Amino acid sequence: MDLLTEPRSLMGLELLTEGAKTFARIEANGIVIDTAYCEEQQRRLGILLKKEQRKIEESRVGKVWKRRFGSRVNWGSGDQLGKTLFEDLGYEPKTRTASGKASTSEDSLSEINEPIVQSFLLCKKFIKAKNTYLRGFLTETTDGLMHPNFNLHLVRTYRGSSDSPNFQNIPIRDPWFGKLIRKAVRSRPGHRLVEMDYGGLEVAVAACYHKDPAMIRY
């Protein structure tokens, strides 16, 4: 098919079809995962998690927390920690939600000068790394190869998406987190992994289409 002479609807269909076929080949080939590394890191994170949870439980805040929630105490609950800090211990919330409720987001909690809050945030990080990412890799890996789904038909803008697991959502902003998870992905023998970042690609393509002078300058 000559994409330059075909109607735009057929051009779009051809582009979508070829993209889906390419993604299907990527899925079939699979991604090499170091399962022994994933299992070892899960074990290590479990030890670190118990250590930080013990710090919380034995702290002044932890004792008030446990007294308030009793058998319902959940050391991973931001909502419970928020009630303990702001209602029982009188800490002033740094930010509030749109409804006026004290925010227990990571950014908000990080500003509270209470050592045990850092233990709580570490626990959240360890749990996410252990149960979301490493477990997800292990669950979807067979014979050392993981075959995540790559989709072109689920997002309305036709931007690619991924699931089982979401291979496009591996964290990078936290250097510790990013390195821990990405080290599980290995290259095949005789090959190497490379990375490309098409920063601002959607904006650039849109500017090529509508030719808005302000956006082109931007």
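Everything discussed here concerns the structure shown above.
All residue numbers refer to position in the chain's written sequence, counted from 1. Residue-level local features of this predicted model are given only where pLDDT is at least 70; pairs of side-chain atoms are given and counted only at 80 or more, and the full residue set underlies all totals for whole chains, interfaces and linings. For side-chain calculations, the full set of non-hydrogen atoms in the structure is used, while hydrogens and water are omitted.

## Observations concerning the overall build of the protein chain
Looking only at helices and strands, one finds 9 helices and 6 strands in the protein chain. For the radius of gyration, the atom set is restricted to C-alpha positions; the globular benchmark scales as 2.2 Å times the number of residues to the power 0.38. Scaling as 2.2 N^0.38, a compact globule of 218 residues should have a C-alpha radius of gyration of about 17 Å, whereas the protein chain reaches 23 Å, well beyond that. With the C-alpha coordinates aligned to their principal axes, the bounding extent of the protein chain is approximately 75 × 50 × 30 Å. Buried residues in the protein chain amount to 30% of all 218 residues. Put simply, 55% of the contacts in the protein chain that link residues at least 6 apart link residues at least 24 apart. Reported accessibility uses the Shrake-Rupley method at a 1.4 Å probe radius. Residues are deemed covered only where the shown protein chains occlude them. Within the structure as shown, the protein chain displays about 14800 Å² of accessible surface, and the carbon and sulfur contribution to it stands at 54%. If you average the places of the 35 positive and of the 27 negative side-chain charges in the protein chain, the two averages end up 6 Å apart. Every helix listed is a DSSP run of H or I at least four residues long, and every strand listed is a run of E at least two residues long, numbered separately from the N terminus. Buried, partly exposed and exposed residues are distinguished by accessible area as a fraction of the type maximum, computed with a 1.4 Å probe on protein chains only: under 20%, between the cut-offs, and over 50%, respectively. The criterion used for residue contact is that any of the two residues' heavy atoms lie within 4.5 Å. In this tally, Asp and Glu contribute negative charge and Lys and Arg positive charge; neither His nor the terminal groups of the chain are included. Just so you know, the charge point we use is NZ for Lys, CZ for Arg, CG for Asp and CD for Glu.

## Looking at the layout of surface pockets
For cavity detection a 1 Å grid was placed over the protein atoms alone, and a set of points counts as a cavity when a 1.4 Å probe fits there but cannot get out; an open set counts as a pocket when protein lies on both sides within 12 Å along at least five of seven lines, with lining residues being those that have an atom within 4 Å of a point. Grid points are joined across faces, edges and corners, and a volume is the space filled by probe spheres set on the points. Size it by volume and the second largest pocket reaches roughly 190 Å³. As for the second largest pocket, its lining consists of D79, G82, K83, F86, E87, Y91, P93, R96, K101, A102, S103 and T104. Three classes are used, and their members are as follows: Ala, Val, Leu, Ile, Met, Phe, Trp, Tyr, Cys and Pro are nonpolar, Asp, Glu, Lys and Arg are charged, and the others, Gly among them, are polar. In terms of residue class, the lining of the second largest pocket is made up of 4 nonpolar, 3 polar and 5 charged.

## With respect to the nonpolar core
Residues belong to one nonpolar core when they are buried, are Ala, Val, Leu, Ile, Met, Phe, Trp, Tyr or Cys, and are joined through side-chain atoms within 4.5 Å. Grouped together as the largest cluster of nonpolar side chains are 37 residues, with contacts concentrated most on L85, L109, F137 and I181. Only β1 (31-33), α2 (35-58), α3 (60-69), α4 (78-88), α6 (115-139) and α7 (175-182) provide two or more residues apiece to this core. A total of 10 residues in this core trace back to one element, the largest contributor, which is α6. Setting aside chain neighbours within four positions, we find L85 in contact with V61, G90, Y91, L109, I112 and V117.

## Considering the packing of aromatic side chains
To pair, rings of Phe, Tyr and Trp, with the six-membered ring standing in for Trp, must have centres within 6.5 Å; the planes then decide the type, stacked if under 30 degrees apart, edge-to-face if over 60, and tilted in the middle. Throughout the structure, instances matching the rule amount to 8 aromatic pairs. Centroid distance F137 to F167: 6.5 Å. Interplanar angle 40 degrees. Geometry classified as tilted. Placement of the pair is F137 in helix α6 and F167 in the loop between β5 (161-163) and α7, with a sequence separation of 30 residues. The buried category is assigned to F137, whose relative accessible area is 1%. A connected cluster of aromatic rings, assembled from ring pairs, spans F23, F137, F150 and F167. Charges are assigned to positions over rings by a cutoff of 6 Å between ring centre and Lys NZ or Arg CZ, combined with an angular limit of 35 degrees from the ring normal. Sitting over the face of the ring of Y37, R186 holds its NZ or CZ atom 5.9 Å from the ring centroid.

## Thoughts on the environment of R67
Note that R67 resides in helix α3. Measuring from C-alpha to C-alpha, the distance between R67 and P115 comes to 19 Å, with 48 residues separating the pair along the chain.

## Looking at the packing of α3 against α4
Angular values range over 0 to 180 degrees, each being the angle between N-to-C directions of two axes fitted as lines to C-alpha atoms, with helices fitted over their stretch in contact. Their axes nearest at 10 Å, the elements α3 and α4 cross at an angle of 105 degrees. On the basis of the axis angle, α3 is roughly perpendicular to α4. Packed against α3, whose contacting residues are V61, V64, W65, R68 and F69, the element α4 presents Q80, L81, K83, T84, L85, E87 and D88 at the interface. Here the contact of α3 with α4 is composed, by residue class, of 6 nonpolar, 2 polar and 4 charged. Our angle categories are set so that under 35 degrees counts as roughly parallel, over 145 as roughly antiparallel, 65 to 115 as roughly perpendicular, and the remainder as oblique.

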